[in-house]
Amino acid sequence: QLKDSKDPFFLALGFQKPHLPFVAPKKYWDLYDREQLSLAPFQKYPEGAPKCAQTEYIEARTYSGVPNAGQISEATQRELIHGYLACVSYVDAQVGKVLNKLEALGLAEDTLVVLWGDHGFHLGDKAIWGKHTNYEESTRVPLIIANTGTPPGKSTSPVNLVDLFPTLCEIMGLETPNGLDGKSLAPI
């Protein structure tokens, strides 16, 4: 319906993976050899790290098969990492379906696609299996803005997700409302 309306449209799609519980179709689990997966090299909080940087809440511990306290076995760590990777591959395939459908409908050339995540996730580093920290593993997220009419590139500039709305306004040639917290990422 949106394609045939001839009007510009906005479509938001949300994928809940990779997120606990790490459940994905078997074919995505089969992409990885669990025994070949590396464990996090630092399984303790850094020496001298402030107590406020530590968390008692380890999200994965609320799921079956993960102990409520203490060290998580190497086998369970590999299973968790395996599940996370399977979920990433599963979502990647779903994004591919969306992009292929845009192509099939003739919408790919004039569609702006933005992919981002709302948080990172610790996969055993510092003995954390979750997202509730201020460490880089939790705060760094993927952000991809594609098909903007500019050549592909990469920026290492720090940005905030509040920058997305003003960025989309600028790229789409819309007036950016006053009073926004974010700034357009288009210059970078």
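Our subject is the structure that appears above.
Residues numbered from 1 in each chain as written. Predicted model: local features only at pLDDT ≥ 70, side-chain atom pairs only at ≥ 80, totals over all residues. Heavy atoms only, no water.

> I tried to follow the packing of aromatic side chains on my own but got confused; where do I start?
The relative placement of two aromatic rings is captured by the distance of their centres and the angle of their planes. Scanning the model with the defined rule gives 5 aromatic pairs in all. Geometrically, the ring pair formed by Tyr28 and Tyr90 is edge-to-face, given 5.4 Å between the ring centres and 65° between the ring planes. Here Tyr28 is found in helix α1 (residues 26-29), whereas its partner Tyr90 is found in helix α2 (residues 74-104), with 62 residues between them in sequence. Judged by its relative accessible area of 9%, Tyr28 falls in the buried class. Positioned above the aromatic ring of Tyr135 is the side chain of Lys126, whose terminal nitrogen or guanidinium carbon lies 4.6 Å from the ring centre. (Phe/Tyr/Trp six-rings, centres within 6.5 Å; stacked < 30°, edge-to-face > 60°. Helix = DSSP H or I, 4+ residues; strand = E, 2+ residues; numbered from the N terminus. Buried < 20%, exposed > 50% of the residue type's maximum accessible area, 1.4 Å probe, protein only. Lys NZ or Arg CZ within 6 Å of the ring centre and 35° of its normal.)

> When you look at the side chain of Ser89 in this model, what are you seeing that I'm missing?
As for its placement among the helices and strands, Ser89 is situated in helix α2. Polar side-chain contacts of Ser89 include one of 2.5 Å to the side chain of Tyr32. Sequence-distant contacts of Ser89, defined by excluding residues within four places in its chain, comprise Tyr28, Leu31 and Tyr32. (Polar contact = N/O pair within 3.5 Å; in protein donor to acceptor, adjacent residues only side chain to side chain. Contact = heavy atoms within 4.5 Å.)

> Is there a simple way to think about the nonpolar core in this case?
Across soluble globular proteins, nonpolar side chains have a tendency to be buried as a group. Residues Phe22, Ala24, Leu80, Phe121, Leu123 and Trp129 are the most contacted members of the largest nonpolar core, which totals 19 residues. When residues of this core are traced back to their parent elements, those giving at least two are α1 and α2. Sort the elements by how many residues they give to this core and α2 lands first, with 5 residues. Not counting the four nearest positions on each side in its chain, Ala24 is found in contact with Trp29, Ala86, Cys87 and Tyr90. (Core = buried A, V, L, I, M, F, W, Y, C linked by side-chain atoms within 4.5 Å.)

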